[in-house]
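For reference, the chains in residue letters:
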Amino acid sequence: MATCKYDWPAAGHRELIGKSIERIDGPEKSSGRAKYTYDTNPPGRLIAKTCSCPYAHAKITSLDTSAAQKLPGVKAVLVVHPVGDEIQWAGDEVVVVAATTEEIAEDAVRLIKVEYEQLPHLVREEDLKKAEAAGRTKEGGESTTGDPAKAFADPDSVLSEGFYGLPVITHCCLESHGSVTMWTDPKTLKTWVSTQNVSGGPGQFGQGLRFKKVDVEDNNIETICQYIGGGFGSKFSPDRWGIEAAMLSKMAGGAPVRLMLDRNIEMEMAGARPSAYAKVRVAAKKDGTLTAWDSDSWGTGGPGPAGHPPLPYVIEPPNRHWKHTAVLTNIGEARAWRAPNHPQACLITMGALDDLADKLQMDPIEFLKKNVNLAPPILRRAYSEELVKAAEMADWKKNWHPRGDKTPGHIKRGVGVSLHTWGGRGHNSNCNIIIRPDGSATVQLGSQDLGTGTRTVIAITVAETLGLPVDAIKVEIGDSKFPYDGASGGSTTVGGVSNSTRRGAVDALDELFAAVAPSLGVQPADLEAWNGKIQVKGDASKSLTWKQACAKLGVKTIQTLGKNPGPCHLGDSGVGGVQIADVSVDTETGQVKINRIIAAQDCGLIIDMKTAESQVYGALIMGVCYSLFEQKVMDETLGVMLNPNMEFYKLATIGDIGEFVVHMMTGPGYDERGVIGLGEPPVISPGAAIANAVTNAIGVRVPTLPLTPDKVLAALEKGEKA
Amino acid sequence: MEAFEYASPKSIQDAVRLLGSTWGGTEVMAGGTDLVSAMKDGVVTPKRVVSLKNVKELQFARGGAREGLRLGALLTIRELLDLPQAKQEYPGLVQAADGIRGEQMRHMGTVSGELLQRPRDWYFRNGFGLLAEYDGKSLIPDGQNYYSAILGNSGPAYFVSPSSLAPILIALDAKVTLHGPNGRREVELSKFYRTPQSEGEREYVINPDEILTEITVPAARGMKTATYEIREKEGLDWPLAAAAVALEMDGNTVKRSRVVLGHVAPVPWPSPEAEEALNGKNLTEETADAAGKAAVSKATPLSQNGYKVQLARVAVKRALMRAVKGEA
């Protein structure tokens, strides 16, 4: 194969790439020195608090902020929703107030008098008929391929019917949404934002402010985010409340305004993962070959449509039909939640396929292997290998049994499998690579590290290319002053930043070679960077140390611009993963305990094995949370969320998650695909794998997540009656 | 949080003098783990908070096997867990304390605060009142009653008693000492809790001008005790149901028993039915299950909490088996 200038170093020529390397900002974070948006307190900063609507659907009939305005310490009061506006969900902001202290801001909020005319609301969608009767549904798409009716009618086929679903959940970022903004002069805005999109910040602030008649140019806006306490798809913009903070700052003479959402407001207003419920029919030939799929699904993402789960997921029978209905509710807006729509589609599909495998009296892994050719061609190899690998790690042959653990006692054990996919192509990225005559090397780009290890991956890529240790590279990100880099969403970051920094670093090295070659009496093309030296290929005795080499630059500094996309194949799209859950269920109490989750995952060429594995661990924790605990609980009468807190919006603790075993697929067949993103894929399968494992343990399906004791006991009772 | 006056008296007498005669105006703070969050949420809005932190005479644990235990109001959950006498004589009490899993809660939270914490009911905590009344009736029977009461729930209250320690302490015939303007009085813990009949009433009989200063636990006299909690999560979670038992045994025969359920009714729920099913019987898996069944025989679950009937039954059975097996 012809080599291309920027190609990744071949296996055996990688000092750092693919090794397990500690994240470079670990000490900053664990010592508390890392400053998050929440920690940003420029002198004179004001605190903003929101006055929120207590009703799910209401019209504002009167509004009086005069008492709040007069309260000493209040510096600015901004009406978000004036009289006449209709509010679509409880918790939405009506007025925001900036004051010298948090307490004064809260006191001011209590002084605001708002009157509402309450309007009819709908906050629950499990019952589609009820939503239809209320006129709150909208067609969400429909598609037919092949001839499903004929395939289902085939007398030789085995049919399975079922109901599957999962509720609306929230993101629960450790750091809530928000920003600190200040006008350093009347034309210049500085913003610190908890954001997944640093480079996009100035444009988003500019557009939002100009819409509100605030005159500002994008190039006079700076957005900073050095550290962020999670985003998961919910933080792609400064949001309306970011614009409000900038307006409050303007009203307060440019003083810094910190507007971070309180946890309850965050849970009500800052985004929800759409629910999905589906009635499914699926058929296969007696030998297990899938023939047909039919699904009637619905779900809600708040007042507007929110896409639909891609059904059937990954494994597509030749004859298929799906129909989706959007239920429009007053629960707050949908937002991308790590792998948007995939966990929903995965639970529904993998649950239905698991039920069909049972009808066929087939081992679900054998059943998936049999039908892996119905997956997209690019993924078939990965799935085939991952199914084998995961089964081996899970000791599947020993632990799997036909449905219902027949061993005595009330603790029943079961295993379940699921598979998933994601794209993950690298986003557009630009970076500066700077090599100074003293040997210092810097990389700058307007990216952000969501906690995924982006800084570390950048350092490793540049260090590998320049033949230096990781700590020799200064990584500067998190500021919109640096070259434009894409938003961190859709698992696009690692591909984007690794590819741009590779190209930039190769070009920078070429310039260094040109400066060094004469002194070694060779051509630049004869040189390589290796182990802290610039040396002649094939003759390591002829070399200069990195510092000696850089000294040859004299007073000149090298600066190159690395870009993605660009020449040479450095990355790709499309990954597969297989997960197996091993659970124990207490059939007397309905409690589900995770014993182990096995994850086999590919993501092309891995830059840092440690942070890659960490991504999977994190995703599995998130997966356990939404499988066993999470749901946005809404009261039907009041229309409000009853659990907008970390007490009753339950997340797993360390004792709940069990043991995780992660295996990253690497080597031939994977590495040459280049770098592909990993953030979303491993969070997709846990729901289906855990639900299937519970079914395997107790012999009956618990149709919807979360798998709480009441549902497990109800399923057992129903199973006994059947 | 609304502005309030903070008082930090040094003696019980001074503390009592700072209290008011009606609920709402003044709140007493021990560890503050519940009170401060309730104040932040605007669920309580005291004008004065009387902190007991500097009342050193409330920081003690005394007694032992023969004379019983005396626990000062400010004894922390962590200190209770580490108390040798408690570990040896009252395993059921230590098991109940162990259900409070947050280490920060254990270090800040006190035994008196644990008994006096307000219900966790989500309608109450979201500002809709302890009885969650709306348009003249409770929201709970037709609302989100997944965690609500299955016993003692004929109205107007549907919340569940939040205390993890009260059931076992009641099973042990514990008393609490209350100090008020007219001196001290002792109340049996079994008579300490009540179901409020109207909004504004509290769920216990302590008066607004009294302070709970001490918990007295009679000598264990070789009784077998245990607590069993069923939670959704391993930690940082409230039990869905819990049972505490104290058994006087003659060999394997139950001479006398106390069975108290937690988190299933607006008050800790003693079960004479379960006790009757046990007394005079050999304690086996079957009699334990029969006692569990008897304990929930009068349960009246709401639309979403039928599962708690099964959980309470299992909790009683498992607490009994744990008591006789002597598990830690």
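Residues numbered from 1 in each chain as written. Chains lettered and ligands numbered in written order. Predicted model: local features only at pLDDT ≥ 70, side-chain atom pairs only at ≥ 80, totals over all residues. Heavy atoms only, no water.

### Some points on the overall build of chain B
Of the regular secondary structure elements, chain B holds twelve helices and 14 strands. A globule of 328 residues ought to have a C-alpha radius of gyration of about 20 Å, and chain B, at 19 Å, matches this closely. Projecting the C-alpha coordinates of chain B onto the three principal axes gives extents of approximately 55 × 50 × 35 Å. The 328 residues of chain B split such that 59% are buried. Residue pairs at least 24 apart in sequence account for 65% of intrachain contacts in chain B once pairs closer than 6 positions are excluded. Entry remark: accessible area of chain B is about 13000 Å², with carbon and sulfur atoms responsible for 49%. (Helix = DSSP H or I, 4+ residues; strand = E, 2+ residues; numbered from the N terminus. Rg over C-alpha atoms; globule rule 2.2 N^0.38 Å. Buried < 20%, exposed > 50% of the residue type's maximum accessible area, 1.4 Å probe, protein only. Contact = heavy atoms within 4.5 Å. Areas by Shrake-Rupley, 256 points an atom, 1.4 Å probe, with all protein chains shown as cover.)

### Topic: the packing of helix α18 (residues 709-721) of chain A against helix α12 (residues 307-325) of chain B
The geometry of α18(A) relative to α12(B) is characterised by a closest axis approach of 9 Å and an angle of 95° between their N-to-C directions. One way to sum up the angle between α18(A) and α12(B) is to call them roughly perpendicular. Across the interface between the two elements, Pro709(A), Asp710(A) and Leu713(A) from α18(A) touch Tyr307(B), Gln310(B) and Leu311(B) from α12(B). Split by residue class, the contact of α18(A) with α12(B) holds four nonpolar, one polar and one charged. (Axes fitted to C-alpha atoms, helices over the stretch in contact; angles between N-to-C directions. Parallel < 35°, antiparallel > 145°, perpendicular 65-115°, else oblique. Nonpolar A, V, L, I, M, F, W, Y, C, P; charged D, E, K, R; others polar.)

### Description of the domain arrangement of chain A
All names here are of chain A. The domain architecture assigned to chain A consists of domain 1 (26-34 + 426-564), domain 2 (37-119 + 177-260) and domain 3 (272-424 + 572-721). Computed over C-alpha atoms, the centres of domain 1 and domain 3 are 39 Å apart. Taken together, the contacts link 14 residues of domain 1 with 13 residues of domain 3. Summed over both partners, the interface of domain 1 with domain 3 buries about 910 Å², with 58% contributed by carbon and sulfur atoms. Three residues stand out in domain 1 for area buried against domain 3, namely Thr452, Gly490 and Ser491, and they jointly supply 45% of the buried area on that side. The interface formed by domain 1 and domain 3 includes zero salt bridges. Where domain 1 packs against domain 3, one counts four residue pairs in polar contact (both at pLDDT 80 or more). Only α13 (454-466) and α14 (493-520) provide two or more residues apiece to the side of domain 1 that touches domain 3. (Domains from an automatic or database assignment. Buried area = accessible area lost by both parts, 1.4 Å probe. Salt bridge = Lys/Arg side-chain N within 4 Å of Asp/Glu carboxyl O. Polar contact = N/O pair within 3.5 Å; in protein donor to acceptor, adjacent residues only side chain to side chain.)

### Observations regarding the sheet that holds strand β21 (residues 473-476) of chain A
Residue and element names in this part refer to chain A. Strand order in the open sheet made by the four strands is β21-β20-β19-β25, with mixed pairing throughout. Two strands in the sheet have a free side with no partner beyond their single neighbour: β21 and β25 (558-564). The average angle at which neighbouring strand axes cross in this sheet is 20°, direction not considered. Where α13 meets the sheet, it contacts β19 (429-435), β20 (441-444) and β21, and its direction lies at approximately 140° from that of β21. Relative to the sheet, α14 contacts β19, β20 and β25, its axis offset from that of β25 by approximately 145°. (Pairing = 2+ DSSP bridges.)

### Side note on the interface of chain B and chain A
The partner chain A presents 33 residues to the 30 residues of chain B that form the contact. Taken together, the two surfaces of chain B and chain A that pack against each other cover about 2800 Å², and 53% of this comes from carbon and sulfur. On inspection of chain B and its partner chain A, the count reaches eight salt bridges. One can count 20 residue pairs in polar contact (both at pLDDT 80 or more) joining chain B with chain A. For the side of chain B that touches chain A, the secondary structure elements donating two or more residues are α8 (122-128) and α12 of chain B. Here the side of chain B that touches chain A takes six residues from α12(B), the largest share from any one element. Here the side of chain B that touches chain A is composed, by residue class, of 15 nonpolar, six polar and nine charged.

### Examining the packing of helix α9 (residues 342-359) of chain A against helix α17 (residues 686-698) of chain A
Residues and elements named next belong to chain A. For the pair α9 and α17, the least separation of the axes is 8 Å and the interaxial angle reads 30°. Considering their axes alone, α9 and α17 lie roughly parallel with respect to each other. Of the two possible hands of crossing, α9 and α17 adopt the one that is right-handed. Of the residues in α17, those touching α9 at Cys346, Leu347, Met350, Gly351, Asp354 and Asp355 are Gly687, Ala688, Ala691, Asn692 and Thr695. Taken together, the residues of the contact of α9 with α17 break down into five nonpolar, four polar and two charged. (Left-handed = near helix turned anticlockwise from the far one by under 90°.)

### Some words on the environment of Pro167(A)
All names here are of chain A. In this fold, Pro167 is placed in the loop between β8 (157-166) and β9 (169-170). For the pair Pro167 and Gly423, spaced 256 residues apart in sequence, the C-alpha to C-alpha distance is 25 Å. Once residues within four sequence positions are removed from consideration, Pro167 is found in contact with Arg273, Pro274, Ser275, Tyr277, Glu630, Gln631, Leu705 and Pro706.

### A word on helix α5 (residues 91-98) of chain B
Within α5(B), six of the eight residues are buried, which leaves the element mostly enclosed by the surrounding structure. Along α5(B), the residues that are buried comprise Gly92(B), Leu93(B), Val94(B), Gln95(B), Ala96(B) and Ala97(B).

### Considerations on a negative patch on the surface
Taken together, the side chains of Glu132(A), Glu139(A), Glu142(A) and Asp296(A) present a region of like negative charge at the surface. Tracing the chain through its elements places Glu142(A) in strand β7 (residues 137-145). (Patch = residues over 30% accessible without salt bridge, like charges linked within 9 Å, V, L, I, M, F, W, Y side chains within 5 Å. Lys, Arg positive; Asp, Glu negative; His and termini not counted. Charge placed at Lys NZ, Arg CZ, Asp CG, Glu CD.)

### As for the pattern of salt bridges
As a working rule, side chains carrying opposite charge can pair if their charged atoms are close by. All names here are of chain A. Under the criterion given, the structure shown has 67 salt bridges over all chains. The partner of Glu102 in a salt bridge is Lys49, and the shortest N-O contact between them spans 3.2 Å. Linking Glu102 in helix α3 (residues 102-111) with Lys49 in strand β1 (residues 46-52), this pair joins segments that are 53 residues apart in sequence. Here Asp572 and Arg425 are joined by a salt bridge, their closest N and O atoms 3.8 Å apart. Taken together, the residues Asp572 in the loop between β25 and β26 (575-586) and Arg425 in the loop between β18 (411-422) and β19 connect sequence positions 147 residues apart. Classification of Asp572 as buried rests on a relative accessible area of 15%.

### Regarding the packing of aromatic side chains
Following the criterion strictly, the structure yields 15 aromatic pairs over all chains and no others. Considering the side-chain rings of Tyr36(A) and Tyr227(A), the 5.8 Å spacing of their centres and the 45° angle between planes classify their relative orientation as tilted. In this pair, Tyr36(A) is assigned in the loop between α1 (26-31) and β1 and Tyr227(A) in the loop between β12 (221-224) and α7 (239-251), connecting sequence segments 191 residues apart. Consider the rings of Phe163(A) and Tyr277(A), whose centres lie 6.2 Å apart with planes at 15°: the pair is stacked. Remark: Tyr277(A) occurs in strand β15 (residues 276-285) and Phe163(A) occurs in strand β8; sequence separation between them is 114 residues. The exposure class assigned to Phe163(A) is partly exposed, which follows from its relative accessible area of 33%. A network of ring pairs unites the aromatic residues Phe648(A), Trp122(B), Tyr146(B), Tyr147(B) and Tyr307(B) as a single cluster. (Phe/Tyr/Trp six-rings, centres within 6.5 Å; stacked < 30°, edge-to-face > 60°.)

### Section: the environment of Met646(A)
Residue and element names in this part refer to chain A. Here Met646 lies in the loop between α16 (609-628) and β28 (659-665). Classification of Met646 by relative accessible area gives partly exposed; the value is 38%. In the structure, Met646 is positioned 474 residues away from Cys172 in sequence and 8.6 Å away in space, judged by C-alpha atoms. Residues contacting Met646, with those up to four places away along its chain left out, are Cys172, Arg263, Met267 and Leu651.

### Section: the sheet that holds strand β5 (residues 68-72) of chain B
Backbone-to-backbone hydrogen bonds pair the strands of a sheet. The strands run either parallel or antiparallel. All names here are of chain B. A sheet is described by the order of its strands in space; here five strands give the open sequence β4-β5-β10-β8-β9, paired in antiparallel fashion. A single partner strand is all that each edge strand has here, and the edge strands are β4 (61-64) and β9 (183-188). Mean inter-strand twist for the sheet, computed between neighbouring axes without regard to direction, equals 20°. Relative to β5, β4 is paired through four bridges, and the arrangement is antiparallel. Looking across to β5, one finds that Arg62 is bridged to Arg70.

### What to know about α3(A)
Residue and element names in this part refer to chain A. Residues Ala105, Ala108 and Val109 constitute the buried set of α3. One face of α3 carries all of its buried residues, which in axial projection span an arc of 100°. Contacts from the buried residues of α3 go to β1, α2 (66-70), β3 (74-79) and β5 (93-99). (Arc of directions from axis to C-beta.)

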